[in-house]
Amino acid sequence: MTTAAFQLWPTMRRIERAAWSAILRCTKAKKLKTIPLPIPVEEWIEGPLGIQFTIADLSHLGPNVLGTSRPRDREIQISQTLVDQEGRFRFTASHELGHVLLHERISSDFRDFDDADFMERRIEREADRFAAAFLMPIPALCAEFANVSATLWSDPSSLLTAVTRGDAPAMRIFRASILPHLTKRFGVSLSAALRRFSDVQLPTGEPALPFEAGIEFLPVEQLKEATRRR
Amino acid sequence: MAKRTVRSPKKDPASIGERLRTQRVEVLGKSIRDIAKLLASAPIHLSDIETGRRAPSEELLLKMAKVYDLPEAELRAGFGKPHSVVAEVASESTVAAEKVPEFLRTARGLSAEQWDKLIKQAKKVSAEEKDAKP
């Protein structure tokens, strides 16, 4: 038995809850007992979440526009330039979903630029964090982390602490084996996985989410219980 | 094989597009990129077809009927793309070129049952014609 190594920053909880709520809505609608990984973003956006999702030429909006959303009309458009970039496509789609679910009252129209200046805006950061939370839900991330690290590190619960301390072997394992596994498992880019790790922190007290190493998915009911304990 | 009901009798790209989208999402549970792969087509092209901005080519329409599991006739009616035999028959002789449009104008708006009656009658006339030939 090992313990979880993640918890959320307090300011993140509203976004985390929104993403988790969307995931539960989809698993319930699809009658799923476990969370499928990678999260089927497009199928869930169009299916249980009832949002019109199209792939379009957005070049007329500017060279760096990757996606747009109209929360009030519940519409998302993703640039055709991303169709072969799996991680970026999924993240942009989830980012736009974040706008639809979080920002309906703020604006009727969002355009997302691949532009660092725009990404500094709070609203864009929120949509990014939503995307990370939707694609890499904490309970599943904990389970996967434990699953992969158990085979690579004698005490998986101490691995992240060792990484945070700058321990060279731990960092090597984390970068060479764990991150690639997680990016594949969650269908995200390396930068999205790293960003997700920056959104969570090591627990100072009791572990937030106890789990057993080696399990691939947590049952939905168990995940609900884990979320209630937060 | 069960006979499937044609639900979209009139040409309406927006309506047939929505029908395709509903079938893909609710029945097949596939994403636009999944379907595009199966059809060897670009996702943006399929997206445009489902939103009524474009119509499929003849070849794509036939593949779509199979992949979306919808009757070919429903797609033809929705996109206003008649079967090639219509043009073939209408242009096979001077008589046909004159009579087929007149016949089709007269038959416009017939129900499925009325069409069946008409086809039965046409078969009978055609058979009589063949029998009469030496």
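Right above here is the structure, for reference.
Reading the values: the criteria
- Residues numbered from 1 in each chain as written.
- Chains lettered and ligands numbered in written order.
- Predicted model: local features only at pLDDT ≥ 70, side-chain atom pairs only at ≥ 80, totals over all residues.
- Heavy atoms only, no water.
- Helix = DSSP H or I, 4+ residues; strand = E, 2+ residues; numbered from the N terminus.
- Buried < 20%, exposed > 50% of the residue type's maximum accessible area, 1.4 Å probe, protein only.
- Contact = heavy atoms within 4.5 Å.
- Areas by Shrake-Rupley, 256 points an atom, 1.4 Å probe, with all protein chains shown as cover.
- Axes fitted to C-alpha atoms, helices over the stretch in contact; angles between N-to-C directions.
- Parallel < 35°, antiparallel > 145°, perpendicular 65-115°, else oblique.
- Left-handed = near helix turned anticlockwise from the far one by under 90°.
- Nonpolar A, V, L, I, M, F, W, Y, C, P; charged D, E, K, R; others polar.
- Patch = residues over 30% accessible without salt bridge, like charges linked within 9 Å, V, L, I, M, F, W, Y side chains within 5 Å.
- Salt bridge = Lys/Arg side-chain N within 4 Å of Asp/Glu carboxyl O.
- Phe/Tyr/Trp six-rings, centres within 6.5 Å; stacked < 30°, edge-to-face > 60°.
- Core = buried A, V, L, I, M, F, W, Y, C linked by side-chain atoms within 4.5 Å.
- Domains from an automatic or database assignment.
- Buried area = accessible area lost by both parts, 1.4 Å probe.
- Polar contact = N/O pair within 3.5 Å; in protein donor to acceptor, adjacent residues only side chain to side chain.
- Expected span 1.5 Å × (residues − 1).
- 1 Å grid on protein atoms, 1.4 Å probe; cavity = no way out; pocket = protein on both sides within 12 Å on 5 of 7 lines; lining within 4 Å.
- Points joined across faces, edges and corners; volume = space filled by probe spheres on them.

A.B. asks: Could you give an account of the overall build of chain B, with specific residues and numbers?
C.D. replies: Looking only at helices and strands, chain B has 8 helices and 0 strands in total. Scanning chain B from its N terminus toward the C terminus, one meets helices and strands in the order α-α-α-α-α-α-α-α. Counting only residues that meet the buried cut, chain B has 31% of its 134 residues in that class. Sequence separation of 24 or more characterises 50% of the internal contacts of chain B that already satisfy a separation of 6 or more. Summed over all atoms, the accessible surface of chain B reaches about 9000 Å², with 56% contributed by carbon and sulfur.

A.B. asks: Tell me what's going on with the packing of helix α1 (residues 13-29) of chain A against helix α5 (residues 122-135) of chain A, and back it up with residues and numbers.
C.D. replies: All names here are of chain A. Between α1 and α5, the shortest axis-to-axis distance is 9 Å and the interhelical angle comes to 45°. What the angle tells us is that α1 and α5 run oblique. The interaxial crossing formed by α1 with α5 has right-handed handedness. Contacts between α1 and α5 pair Arg14, Ile15, Glu16, Ala18, Ala19, Ala22 and Ile23 from the former with Glu126, Arg129, Phe130, Ala133 and Phe134 from the latter. Across the contact of α1 with α5, the residue classes break down as 8 nonpolar, no polar and 4 charged.

A.B. asks: Go over the packing of helix α2 (residues 32-39) of chain B against helix α3 (residues 43-50) of chain B with me, naming the residues and quoting the values.
C.D. replies: Residue and element names in this part refer to chain B. α3 packs onto α2 with a crossing angle of 110° between their chain directions and a minimal axis gap of 8 Å. Judged on the interaxial angle alone, α3 and α2 are roughly perpendicular. Read as a crossing pair, α2 and α3 show a hand that is right-handed. Of the residues in α3, those in contact with Ile32, Arg33, Ile35, Ala36 and Leu39 of α2 are Pro43, Leu46, Ser47 and Glu50.

A.B. asks: So, a nonpolar patch on the surface: which residues are in play, and what are the values?
C.D. replies: Residues and elements named next belong to chain B. Residues Val85, Val86, Val89, Phe103, Leu104, Trp115 and Ile119 make up a contiguous nonpolar surface patch of about 530 Å² in total accessible area. Mapped by element, the contributors of at least two residues to the nonpolar patch are α6 (84-90), α7 (94-107) and α8 (112-132). Per-element accounting of the nonpolar patch gives the leading share, 3 residues, to α6. Within the secondary structure, Phe103 is located in helix α7. We classify Phe103 as partly exposed; its relative accessible area is 41%.

A.B. asks: Could you give an account of the packing of aromatic side chains, naming the residues involved and the relevant values?
C.D. replies: Residue and element names in this part refer to chain A. Counted according to the given criterion, the structure contains 4 aromatic pairs over all chains. Plain terms: the ring middles of Trp44 and Phe134 are 6.3 Å apart, the flat faces sit at 75° to each other, and that makes the pair edge-to-face. Residue Trp44 is located in helix α2 (residues 41-46), and its partner Phe134 is located in helix α5; the two are separated by 90 residues in the primary sequence. For the pair formed by Trp44 and Phe134, the shared burial category is buried. The interplanar angle of 15° and the centroid separation of 5.8 Å between the aromatic rings of Phe130 and Phe134 together place this pair among those described as stacked. Within this pair, Phe130 and its partner Phe134 are both found in helix α5, separated by 4 residues, close to a single helical turn. For Phe130, a relative accessible area of 0% gives the class buried.

A.B. asks: Could you give an account of the nonpolar core, with specific residues and numbers?
C.D. replies: Counting residues in each nonpolar core, the largest one holds 71 residues, and the members touching the most others are Phe134 of chain A together with Met64 and Leu75 of chain B. Of the domains in this structure, domain 1 (3-11 + 138-229) and domain 2 (13-135) of chain A are the two that each give at least three residues to this core. When neighbours within four sequence positions are excluded, Phe134 of chain A is seen to be in contact with Ala19, Ala22, Ile23, Ile39, Val41, Trp44, Ser94 and Leu97 of chain A.

A.B. asks: Outline the interface of chain A and chain B, supporting the account with residue identities and numerical values.
C.D. replies: Listed per partner, the contact involves 15 residues of chain A and 14 residues of chain B. Of the roughly 1200 Å² buried at the junction of chain A and chain B (both faces included), carbon and sulfur atoms supply 50%. The largest share of the area that chain A buries against chain B comes from Glu43, Glu46 and Ile55 of chain A, three residues that together contribute 45% of it. A salt bridge links Arg33 of chain B to Glu86 of chain A, with the shortest nitrogen-to-oxygen separation between them at 3.1 Å. Linking chain A with chain B are 5 residue pairs in polar contact (both at pLDDT 80 or more), by the criterion used here. Top contributing element to the side of chain A that touches chain B by residue count: strand β2 (residues 52-56) of chain A, with 4 residues. Considering only residue class, the side of chain A that touches chain B consists of 4 nonpolar, 5 polar and 6 charged.

A.B. asks: Which residues make up helix α6 (residues 138-149) of chain A, and what are the values?
C.D. replies: Residues and elements named next belong to chain A. Taking 1.5 Å of rise per residue, the 12 residues of α6 would be expected to cover 16 Å, and the 16 Å separating its terminal C-alpha atoms lies within 8% of that figure. For α6, the buried fraction is high: 12 of the 12 residues fall into the buried class. Those residues of α6 not exposed but buried are Ile138, Pro139, Ala140, Leu141, Cys142, Ala143, Glu144, Phe145, Ala146, Asn147, Val148 and Ser149.

A.B. asks: Could you give an account of empty space enclosed by the protein, naming the residues involved and the relevant values?
C.D. replies: Across all of its chains, the model carries 2 cavities of 30 Å³ or more by this definition. Quantified by volume, the second largest cavity comes out at close to 30 Å³. Gln52, Phe53 and Thr54 of chain A together with Arg21, Arg24, Ile32, Ser47, Glu50 and Thr51 of chain B together form the lining of the second largest cavity. Mapped by element, the contributors of at least two residues to the lining of the second largest cavity are β2 of chain A together with α1 (13-28) and α3 of chain B. By residue number, the principal contributor to the lining of the second largest cavity is β2 of chain A, which donates 3 residues. Class assignment of the residues belonging to the lining of the second largest cavity gives a composition of 2 nonpolar, 4 polar and 3 charged.

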